[in-house]
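A closer look at the structure
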Amino acid sequence: MTRPSRLPIQRSMAWGARLRYLLLLACVLALLPATAFAESLAGLRQSTLPAPPAPVHALRTAGGRLLAFSDDRVLAWSSASPQWQPVQLPGGATARDGWQNAAIDKLYRVSTTDDVATATLQTAELVGDRLSLRSLPALPVALHDIRLAEHAGVLYVAGVDAAKQPHLLRRTLAQAMSAWQAMPTWPGGAAAGTLVAQRGELVVTAPAQPHDAVWRWSPDNGWQALAPVPGRVLASEGARATGQAHVLYLLQSSDGKPPRLATFHTITRAWADLPALEGVLPTTLTAWGTGFAGWDTQASTLGTVELTAQTYLLKWLDWLVIVVYLAAMVGIGLYFYLQEKRASTADFFVGGRSIPFWAAGVSLYATNTSSISFIAIPAKAFETNWQYLTNNLIAVLGLVFVAIWIVPLLRRLDLMSVFSYLEKRFHPAIRMLASALCIAMQIGSRMSVILFLPALAIATITGLDVVWSILIMGVFTIVYTTLGGMKAVIWTDFVQVFVMFGGAIFAIGFIIYHLNGGVPEFLQVAMAENKTQLFDFSFDLTKATVWGFIFLVVFDVVLTFPKDQVLMQRVLSTKSDKEAGRSIWTFAAIMIPGGFFFYAIGTALYVYYQSHPERMNPLLPIDATFPLFIAAELPAGVTGLIIAGIFAAAMSTLSSIINSVSTLASVDFYEKLAKNPTPKKSVLFAEIMGVLVGLAGIAIALVLSRYDIHSLFDVSIELAGLLGGGFAGAYTLGMFTRRANSQGVAIGIGSSIVLTLLIWSMDLVHPYFYLAISILLCIVIGYAASWLFPAPTRSLQGLTIHRQDAVTGTE
């Protein structure tokens, strides 16, 4: 018998050894960042300021300047004028009064002496060298030991009455006639040592043994006892909000060590010590810059300590991955530019109606999954829970209706702009009005936000200015979109989905791998903190509840899916009615698992940073949580891969918006208004509009970069509701009713916009309701107004879902 060859076995063993080597190398690379886990990401910068020419008993801030209160005068200092300048006080006010800051530059005059209970407060404003006062309504009870906090235009006052009972009051400052509202006080009955407002919540520390107690109030949960302060807060001014979720404290340890600074994270409720101070920060201090300014009575010196953050430069391997990705996207656009003759509007706008259903379905998901999904949704899940994922679950059911009823109707009309339907059903003016509103919504509420988010990520990681990041992202997207048309957009979307998911899956695995308890710790913390809670069945209109999501899906998906040119343009690009329906099914099949990945990232980040609070940056916004993790924790190369995933998430949606808006501008406006339009001129006009639309999105994103926005996810929802619902109801009126006419629809569109803006100005409901309310108002008002005018006389064949209007004959 011939002895079998050992060569295959040897090869198998060799490959096994190589595989083990590669796995070992991957583990070593993954463990490299773990060596830094004990290091604080935040640093401290200490400096000395010019000392005031008189002894100081209090420091405060107003008008962007530092105020020093001595026995008989007040002095002001700023970096713009290095000399201390005297401040004129209004009549009856003295430097020894109880001046307090509710937040930086929010100065109040509290009382005349420490022995007299305060019944009134006055706001103080520094203009030039003069302080002016404005009285607030009298407090309902006179209070001692007052602590102030201000956040989002609401002033909070804590104090104790003559019987030493604590009180907590609040007042909306913008409403001149509003009265003080009594709030429930923290348990325990002790006076507040410090009071800080952050994220719409209150954090109170109260004296206790052996450590100060911590209480947190939130609108949803009331007062909750948290882990005690790891020491004692040294002064009533020794606590301040910083960033969007941190509170900075000056603490005295119980073991006699020198005072130190520590941060408390209001989301994870974790404490983290900051690097040791050089010397001792005095207790006569105030919030200043990103930290504190303090007066040393013994040395008569004035010093500051401020938080600093490290910048993480990308390694060459990260840049290589990013450059390869960007080059590939431009290459796809160039390929289709060279392949197409560019004289056919059908080729440029709807890909020659030759796109396979599976590619169109993946592109639908990529377009719907923007940088909001990759950055803002993990941040939202990190801050709250999975409640917004309910929308995905319900939307899948809505897509079933769309695939069966809506898509076949529109496919038969052979459209390139979905607003052509409104002209066929109503009037050219309705088409142009709705198209213009859609363009405004896409540029104003989607494109700018989606462009700003990845720019924020790049700035967080590389230190590259946000302005340059926005410009780079916008220009690359404009180039490959205007080069390749619809085919380039869809096939780049297809590639980008895999880049996106690759980065997301690796991030989740990496975070869980570096938890001390692994998967069990992840599940235990997530369940204990209700971080995976999906459903809220309450009937509170100020929250995003299940009923709100159902309401939104019914109106925004089931009834008005056709309003979204960005999505419908992919459906219209498929080969047949059957393939169009299948593209919707593909989209629905990817939506739920895709949503779980992005929400799971946020939950994993919560668990990770609860265990490693020192690895957070107190100066960054909540939306930068995932970019921070990418920058600070991931190994080289992988960071570049996930940055490419962020780019992919943003660029897939940006390219779709640019292509769709340029299509609307060309088909709905140029071809309707220009004299003797030709397909070649129409395509050229669309290319020019694509560049202009991209530049407009860049400009608005640059404006957004100048504001401190708490959650861009919420902002995008709010803007979409205010701008997008006015025209959406027109589709329901056209498809589901036979009585609606152009006059009634125009009235419905205008009325819905005005009334939704009124609801927004009064802050009556959660922003998630705006879009559905606007659509509902358009439907109800538009249908009712239609009865004031004659019924439509034009043929409705093929324009409604009613059986009597069905298209007869063979399709």
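Provided above is the structure to which this section pertains.
Remember, it's a predicted structure, so these values are computed and weren't measured experimentally.

Right, let's talk about the environment of Trp 271 for a bit. Here Trp 271 lies in strand 22 (residues 270-273). Placed 343 residues apart in sequence, Trp 271 and Glu 614 show a C-alpha to C-alpha distance of 8.0 Å. Residue contacts for Trp 271: discarding those within four places in its chain leaves Val 214, Ala 227, Pro 228, Val 229, Pro 230, Tyr 249, Leu 251, Ala 262, Thr 263, Phe 264 and Pro 613.

Here Thr 481 lies in helix 9 (residues 466-513). Not counting residues up to four positions away in its chain, the partners in contact with Thr 481 are Val 489, Ser 655, Ile 658 and Asn 659.

Between its first and last C-alpha atoms helix 13 (residues 577-611) spans 52 Å; for 35 residues at 1.5 Å apiece the expected length is 51 Å, and the two agree. At Met 591, helix 13 shows its maximal bend, which comes to roughly 30°, and the proline Pro 593 appears one to four places after that position.

With that out of the way, let us pick up empty space enclosed by the protein. If you walk through the whole model with that rule in mind, you get 4 cavities of 30 Å³ or more. One number sums up the size of the second largest cavity: a volume of about 100 Å³. Lining the second largest cavity are 13 residues, with Met 616, Asn 617, Leu 620, Pro 621 and Thr 625 sitting closest to its centre. Tallied by class, residues from the lining of the second largest cavity come to 9 nonpolar, 4 polar and no charged.

Attention now goes to the nonpolar core. Counting residues in each nonpolar core, the largest one holds 151 residues, and the members touching the most others are Phe 374, Leu 410, Phe 419, Tyr 421, Leu 422, Phe 598 and Phe 647. Each residue touching Tyr 421, except ones within four places of it in the same chain, is listed here: Leu 409, Leu 410, Leu 413, Leu 415, Tyr 731, Gly 734, Met 735 and Leu 799. With 15 residues, the next largest nonpolar core counts Ala 197, Val 204, Trp 217 and Trp 223 among its residues.

We now examine the sheet that holds strand 9 (residues 130-135). If you walk across this open sheet you meet the 4 strands as 6-7-8-9, and the pairing is antiparallel. Whereas interior strands pair on both sides, the edge strands pair on one side only; in this sheet they are strand 6 (99-103) and strand 9. Sheet twist, expressed as the average angle between the axes of neighbouring strands with direction ignored, equals 40°. The sheet contact formed by strand 6 and strand 7 (residues 106-109) spans 4 bridges and is antiparallel. The residue of strand 7 that forms the bridge with Trp 99 is Arg 109.

To continue, consider the pairing of strand 20 (residues 246-252). On any regular strand, side chains alternate: one points to one face of the sheet, the next to the other face. Of all the 7 residues making up strand 20, 6 are buried; the element is thus mostly covered by neighbouring parts of the structure. Both strand 18 (residues 232-233) and strand 20 contribute to a ladder of 2 bridges, which runs antiparallel. If you follow Val 233 over to strand 20, its bridge partner there is Leu 251. Here strand 19 (residues 239-242) runs beside strand 20; their pairing, made up of 4 bridges, is antiparallel. Paired with Arg 240 across the strands is Leu 248, a residue of strand 20. Connecting the antiparallel pair strand 19 and strand 20 is a turn made up of 3 residues, with Gly 243 showing a positive phi of about 65°. Taken together, the 6 bridges between strand 20 and strand 21 (residues 260-265) define a ladder with antiparallel strand orientation.

Here is what the cut-offs are and how they apply
The numbering scheme is per chain: residues are counted from 1 as the chain's sequence reads. Where local features are concerned, this predicted model is filtered to residues with pLDDT of at least 70; where side-chain atom pairs are given and counted, the filter is 80 or more; whole-chain, interface and lining totals use all residues. The side-chain values count all of the structure's non-hydrogen atoms but skip hydrogen atoms and water molecules. Only DSSP runs of H or I reaching four residues or more are called helices, and only runs of E reaching two or more are called strands; each is numbered from the N terminus. When checking whether two residues touch, look at their non-hydrogen atoms; a contact exists if any pair is within 4.5 Å. Helices are assigned an expected span. That span is 1.5 Å times one less than the residue count. The reported bend at a residue is simply the angle between two axes, fitted to the 7 residues ending at it and to the 7 residues beginning with it. Cavities and pockets were defined on a 1 Å grid built over protein atoms only: a cavity is a set of grid points that admits a 1.4 Å probe from which the probe cannot escape, a pocket is an open set flanked by protein on both sides within 12 Å along at least five of seven lines, and lining residues are those with an atom within 4 Å of any such point. Grid points are joined across faces, edges and corners, and a volume is the space filled by probe spheres set on the points. Asp, Glu, Lys and Arg are counted as charged, while Ala, Val, Leu, Ile, Met, Phe, Trp, Tyr, Cys and Pro are counted as nonpolar; the rest, among them Gly, fall into the polar class. Throughout this description, the term nonpolar core refers to a set of buried Ala, Val, Leu, Ile, Met, Phe, Trp, Tyr and Cys residues connected via side-chain atoms within 4.5 Å. Relative accessibility under 20% of the residue-type maximum defines a buried residue, over 50% an exposed one, and the middle range a partly exposed one, all with a 1.4 Å probe and only protein chains included. One requirement defines pairing of two strands: DSSP has to find at least two bridges between them. Fitted lines through C-alpha atoms serve as axes, helices being fitted only where they are in contact, and the angles separating the N-to-C directions of these axes extend from 0 to 180 degrees.

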